[in-house]
Structure formats: C-alpha cells, structure tokens
Amino acid sequence: GADHPEVALTLNNLAALYNAQGKYTEAEPLYQRAYEIFKTRLGLTHPNTKMVLGNYVRFLRTHRNKEKFQALVPDLKTVFPSIFAQDPSSQETSP
C-alpha cells in the first residue's frame with residue numbers, strides 16, 4: 001500500500017535525487033512523507049526512521065526552514081538524546 005516502508009524508502013531516495021538536482025520544492029514533501037511513513041509503521045527508534053529523519057533534518061537546515069525543523073525537535077530529542085544533553089554526567093544510566 002501507499003504507506004508501506006518500501007514506499008517510504010523509495011520516497012526518501014527520490015527526495016535525495018531531487019535535492020541533488022536542485023529541485024528543492026519537489027524534494028521536501030517526499031522527505032516529509034517518507035519520515036511520516038517510517039515513524040508510523042516502524043517507530044522512532046527503527047534504523048530506517050532515524051536515517052530518513054536525519055536526511056530530512058539536514059535538508060531543512062540546509063534550506064533554513066526553521067519552522068519545520070523546530071517541529072521535529074521533540075522527535076530528534078527522542079531519537080538522538082545525546083545531542084541534546086547539556087550535562088552528560090547528569091544523565092541516568094542503566095545498570
């Protein structure tokens with residue numbers, strides 16, 4: 001179906017191609033859709049979700065889309081908590 005992870009992978013790859021070709025308007029919604037599919041179907045911590053989130057965030061930062069970037073910060077904090085840690089010594093660790 002339209003929300004299958006294989007579709008999301010194809011959307012991500014097409015977005016990367018469009019981005020490389022300078023077709024930024026076409027690339028952005030494909031990254032967004034790919035991310036939403038992976039997040040919904042596989043969860044935030046799945047490697048494919050992390051990969052697409054990273055691609056999408058890099059795209060948004062490169063093109064200075066602060067509003068959409070800020071909307072992803074909660075997910076980024078969940079997926080990559082160490083990036084947002086202010087004081088690593090204050091983090092709880094597992095035994």
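Just so you know, these numbers come straight off a predicted model, no measurement behind them.

Chemist: Sorry if this is basic, but what is going on with the pattern of salt bridges here?
Modeler: Between side chains of opposite charge, a pair can form as their charged atoms come close. Throughout the structure, instances matching the rule amount to three salt bridges. With its nearest N and O atoms 3.1 Å apart, the salt bridge here joins Lys68 to Glu28. With Lys68 in helix α4 (residues 66-79) and Glu28 in helix α2 (residues 24-42), this pair connects stretches of sequence that are 40 residues apart. When the shortest N-O distance is used, the salt bridge between Lys39 and Asp75 registers 2.9 Å. Separated by 36 residues along the polypeptide, Lys39 in helix α2 and Asp75 in helix α4 bring together distant segments of the chain. Looking at Lys39, the relative accessible area reads 28%, which means it is partly exposed. For Asp75, a relative accessible area of 12% puts it in the buried group.

Scoring rules and cut-offs
- Residues numbered from 1 in each chain as written.
- Predicted model: local features only at pLDDT ≥ 70, side-chain atom pairs only at ≥ 80, totals over all residues.
- Heavy atoms only, no water.
- Salt bridge = Lys/Arg side-chain N within 4 Å of Asp/Glu carboxyl O.
- Helix = DSSP H or I, 4+ residues; strand = E, 2+ residues; numbered from the N terminus.
- Buried < 20%, exposed > 50% of the residue type's maximum accessible area, 1.4 Å probe, protein only.

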